[in-house]
4 protein chains.
Amino acid sequence: MPKINLPTDITPEMKEAKKDYLDRHTPHVVAPAKVKKGETFQVLVRMGQDYVHPDLEEHYIQYLQLYKGDKLLATAIYNPKASTAGKDPASGHQQAAFFVSLDAPAKFSAMSYCTLHGLWVSEEVHVEVE
Amino acid sequence: MPKINLPTDITPEMKEAKKDYLDRHTPHVVAPAKVKKGETFQVLVRMGQDYVHPDLEEHYIQYLQLYKGDKLLATAIYNPKASTAGKDPASGHQQAAFFVSLDAPAKFSAMSYCTLHGLWVSEEVHVEVE
Amino acid sequence: MPKINLPTDITPEMKEAKKDYLDRHTPHVVAPAKVKKGETFQVLVRMGQDYVHPDLEEHYIQYLQLYKGDKLLATAIYNPKASTAGKDPASGHQQAAFFVSLDAPAKFSAMSYCTLHGLWVSEEVHVEVE
Amino acid sequence: MPKINLPTDITPEMKEAKKDYLDRHTPHVVAPAKVKKGETFQVLVRMGQDYVHPDLEEHYIQYLQLYKGDKLLATAIYNPKASTAGKDPASGHQQAAFFVSLDAPAKFSAMSYCTLHGLWVSEEVHVEVE
C-alpha cells in the first residue's frame, strides 16, 4: 500500500521544513461556515492552498474524494493534463466542486491519490446549519 | 446495454412532449464562451436546465463525465442522497464543476448515467480562446 | 464526445478490412451459457478476442464496464501499464473478471473507453438459468 | 473521514473477538507465490476469507482497489446487489479479478470501501518472479 498521509501525521516542524511538498499534496476542503437547512451549496476540494500540484502524465492527482463525516459522497477521477492546456504543466492545481445540502451540522473531509506520492487526507471542515 | 441517449436522437416534438423527463436526464455543460489561453476556468456539468433529477437510493445519477473533444477529462462518481439532505430528495439536481485551461478553442460535452434510465449525452459547448 | 462504437455499426466488410483495430478495441464478455439460480459465477470482460490492445501511458484502456440488461453492475478503472510489466507494452490485453449471480436469464454486455479511440460497446451475451 | 482500518491495527485478540466483522470487511489478495517474468496472471481481490460481506442497497462494498507496492493499478466500483441476484443478499462476497504481469518481485495489497464501515486495507501478498 502507499503511505496514507493523515493531517495528524504532519507536525508543525515538518510543515515548515517541507511546506511546498506537503501543501500541494494535501487536499483542502473549502465550504461555507454556515448554511441554511436544505439549501444547495458548493464544496470545493482542491490540492494545495499556497502551492500547486503538477498535472503531468507521469505525476498527477488521479482522484479526489469528498466525505461527509465517515460517508463517501463523491469521487472525481482525472485523466492527466486536463487542467493545464496552454500553460506550464507544473501548474496543475487539480480541484473539483461538488454540490450538497445539509439537514444537520456536518464535517467534510477529502482524500486524494497522487500517482507518485500516495494517499493524502485533508483536515476536517465544519459546516453549521441555521 | 442501456440505451445511449444522444442529443441528436431527441426531436423538437419529443422535447416538447416529454420535456420534464428529457430535460432532467440530459447533462448540460456550462462554460464561458471565451477564455484566455492558459487561464483556469470552471466547467460545470449539471443534470437538467429547467427540471431536476431525483437523488434517491433507487434512482440517482451515478456518474457524470466531462469530455473535451473526444477525450475524457474527468468523471464524478456519486453515492446516492449526497445532494438532498434536509430537503425533498426528489430535488436532487446532481452537478459537478471541473477546472480546466485551454491552448486552443475546444468543444466540451458530457455523459451521465442514471441508475434507472441509462446513458445520456449532452450537446456540445464551444469555448473560444483569445 | 468521442465516437460511441456499437457492434451494430460494424459491418462484416469493415470487420474484415480492419480486423486488428476493431477486434482489440471491442470489449468481449465471456460467461457460461447456463448457470444455477443464485450460484456465483465469473463474467470476464476483456479487450479483443484475437488481438491485444496496447497498455501504454499515451494509449490504454482506461475503463471497462459490465452491464446486465440496461443496468451497470461494475466499472474497472485502470492506471496505464498495469498489465505489461516485463513484456512488450504493446501486448496489454486489458481484462477484468466480475462475480455475479442470477435469479432469471440475463443479457450481459460491456463498454470500454480507449484513451485514443473513444467508447466501444460489446455484443450481448445471454446466460440461461436452470 | 471514515476510519482507515489497517491490518496492523487488528490485534490477534480483536481478530478472535470480532472475527466475523473483521474478516468480511478486510480485502484479501489472492495471487500465485511465483510467476514467470512477463507472464499474465490473475490477482483476485475479495472481501473476507471465511465470512461474506452483504451486498444490500444500504450496506455494500462500493469499491475495491489493487495496489502494486505504492502504486494503484486498478479500481473496481460496484453498484449494489450485483453479486446476489437469486440468493440471500447477505451473502454478497464482493470480489474482482485483475490481470497483471511482473518484471520483478512485487507486493500486492488492496483497499476497500464499505458504505457503512469505511476504508479497509489488506495484508500484503508477495509474488516472486522466476
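What you are looking at is a predicted structure, and each value in this text was computed from that prediction instead of being measured.

A.B. asks: So what exactly am I meant to see when it comes to the nonpolar core here?
C.D. replies: Across soluble globular proteins, nonpolar side chains have a tendency to be buried as a group. Counting residues in hydrophobic clusters, the biggest one holds 47 residues, and the most contacted among them are Phe41(A), Phe98(A), Phe108(A), Phe41(B), Phe98(B) and Phe108(B). Core analysis: the second largest hydrophobic core is formed by 46 residues, Val35(C), Ala96(C), Tyr78(D) and Leu102(D) among them.

A.B. asks: Mind showing me how you'd approach the environment of Glu130(D) here?
C.D. replies: All names here are of chain D. Along the polypeptide, glutamate 130 turns up in the segment after strand E10 (125-129). When the C-alpha atoms of glutamate 130 and valine 100 are compared, they prove to be 15 Å apart, with 30 residues separating the residues in sequence. Glutamate 130 has contacts with Lys34, Val35, Lys36 and Lys37, leaving out every residue within four places of it along the chain.

A.B. asks: Help me out: how do you make sense of the side chain of His28(A) in this one?
C.D. replies: Residue and element names in this part refer to chain A. In this structure, histidine 28 sits in strand E2 (residues 27-30). Side-chain polar atoms of histidine 28 contact the backbone oxygen of threonine 26, separated by 3.5 Å. Apart from residues lying up to four places away in sequence, histidine 28 is in contact with Asp23, Leu44, Val45, Arg46, Gly48 and Gln49.

A.B. asks: In this structure, what is going on with the interface of chain C and chain A? I would like to understand it.
C.D. replies: Interface size is often expressed as the accessible area that is lost when the parts come together. Contacts between chain C and chain A engage 7 residues on the former and 7 residues on the latter. Ranking the residues of chain C by area buried against chain A places Glu57(C), Gln62(C) and Asn79(C) at the top, with a combined share of 62%. The tally of links between chain C and chain A comes to 0 salt bridges. Across the chain C-chain A interface, the total number found is 2 residue pairs in polar contact (both at pLDDT 80 or more).

A.B. asks: Help me understand the relation of the copies chain C and chain A, please; the structure alone is not making it clear to me.
C.D. replies: Between the two copies of this chain, the relationship is a rotation about some axis together with a displacement along it. After a rotation of 180 degrees and a shift along the axis of 0.0 Å, chain C superposes on chain A with an RMSD of 0.0 Å. Both copies are brought into coincidence by an operation consistent with a two-fold rotation axis. Considering only C-alpha atoms, the part of chain C nearest the rotation axis is Glu57(C), at 3.7 Å. Interface residue correspondence from chain C to chain A reaches 100%, placing this contact among same-surface, isologous pairings.

A.B. asks: What should I look at first to understand the relation of the copies chain A and chain B in this one?
C.D. replies: At an RMSD of 0.0 Å, chain A and chain B line up after a rotation of 180 degrees and a shift of 0.0 Å along the axis. The share of interface residues of chain A whose copies in chain B are also at the interface is 100%, consistent with both copies meeting through the same surface.

A.B. asks: It is not clear to me how the sheet that holds strand E7 (residues 95-100) of chain A should be interpreted in this structure. Could you clarify?
C.D. replies: Sheets are built from strands that pair by backbone hydrogen bonding, the pairs being arranged parallel or antiparallel. Pairing in this open sheet of 6 strands is antiparallel, and the strands run E2(A)-E4(A)-E7(A)-E7(B)-E4(B)-E2(B) from one edge to the other. Two strands bound the open sheet, and with one partner strand each, they are E2 of chain A together with strand E2 (27-30) of chain B. The mean angle between the axes of side-by-side strands here comes to 20 degrees, regardless of whether they run parallel or antiparallel. Across 4 bridges, the pairing between E2(A) and strand E4 (residues 41-47) of chain A is antiparallel. Pairing of Pro27(A) across the sheet is with Met47(A), part of E4(A).

Analysis parameters
Residues numbered from 1 in each chain as written. Chains lettered and ligands numbered in written order. Predicted model: local features only at pLDDT ≥ 70, side-chain atom pairs only at ≥ 80, totals over all residues. Heavy atoms only, no water. Core = buried A, V, L, I, M, F, W, Y, C linked by side-chain atoms within 4.5 Å. Buried < 20%, exposed > 50% of the residue type's maximum accessible area, 1.4 Å probe, protein only. Helix = DSSP H or I, 4+ residues; strand = E, 2+ residues; numbered from the N terminus. Contact = heavy atoms within 4.5 Å. Polar contact = N/O pair within 3.5 Å; in protein donor to acceptor, adjacent residues only side chain to side chain. Buried area = accessible area lost by both parts, 1.4 Å probe. Salt bridge = Lys/Arg side-chain N within 4 Å of Asp/Glu carboxyl O. Least-squares fit on C-alpha atoms with pLDDT ≥ 70 in both. Pairing = 2+ DSSP bridges. Axes fitted to C-alpha atoms, helices over the stretch in contact; angles between N-to-C directions.

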